[in-house]
Amino acid sequence: KGTATGNLFISAATLQTTDPKYCATGCNDHPFIQLPLNSEWTHYTLQWADLKQAGWGTPVPFDTSTLEYLQFSFLTNTAFDLYLDELNFY
């Protein structure tokens, strides 16, 4: 849940989307998903396959074994409080 209106973006940065050795000049097009944010607790079940690149960077296969970090973000100039609970990874 959160106080912002709009969407939460969850990105999964991998070695292939961050290291210029793999992505050349099209780095940081991390696979992501966009979720609506509201003030009530909402349960989401996501699969890694649900995350897709935007398409402006170097296309690379999504490999969870090279996952470097997850990024939670909003559009520019969005005031927010974000609450996450019970994250599970399978």
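Because the structure is a prediction, the values reported are computed rather than measured.

What follows concerns the state of the cysteines. Within the structure shown, the criterion is met by one disulfide. Here Cys23 engages in a disulfide with Cys27; their sulfurs sit 1.9 Å apart. Here the S-S torsion is close to 85°, and the disulfide linking Cys23 with Cys27 is therefore right-handed. Residue Cys23 is classed as buried on the basis of its relative accessible area, which comes to 1%. Using a relative accessible area of 15% as the deciding quantity, one classes Cys27 as buried.

Looking now at the environment of Phe9. Along the chain, Phe9 falls in strand S1 (residues 6–14). On a C-alpha basis, the gap between Phe9 and His30 in space is 11 Å, while along the polypeptide they are 21 residues apart. When residues no more than four places from it in sequence are discounted, the contact partners of Phe9 are Phe32, Ile33, Gln34, Gln71, Phe72, Ser73, Phe74 and Leu75.

About the thresholds
- Starting afresh in each chain, residues are numbered from 1 along the sequence in its written order.
- The predicted origin of the model limits local features to residues at a pLDDT of at least 70 and limits the giving and counting of side-chain atom pairs to 80 or more, whereas totals for whole chains, interfaces and linings rest on all residues.
- Think of the side-chain values as coming from all heavy atoms in the structure, minus any hydrogens and water.
- When two cysteine sulfur atoms lie within 2.5 Å, the pair is treated as a disulfide.
- The cut-offs for exposure are 20% and 50% of the maximum accessible area for each residue type, with area from a 1.4 Å probe on protein chains only; residues under the lower value are buried, those over the upper are exposed, and the others partly exposed.
- The secondary structure listing takes helices from DSSP runs of H or I that are at least 4 residues long and strands from runs of E that are at least 2 residues long, numbered from the N terminus.
- Contacts were defined at the residue level, with two residues in contact if any of their heavy atoms lie within 4.5 Å.

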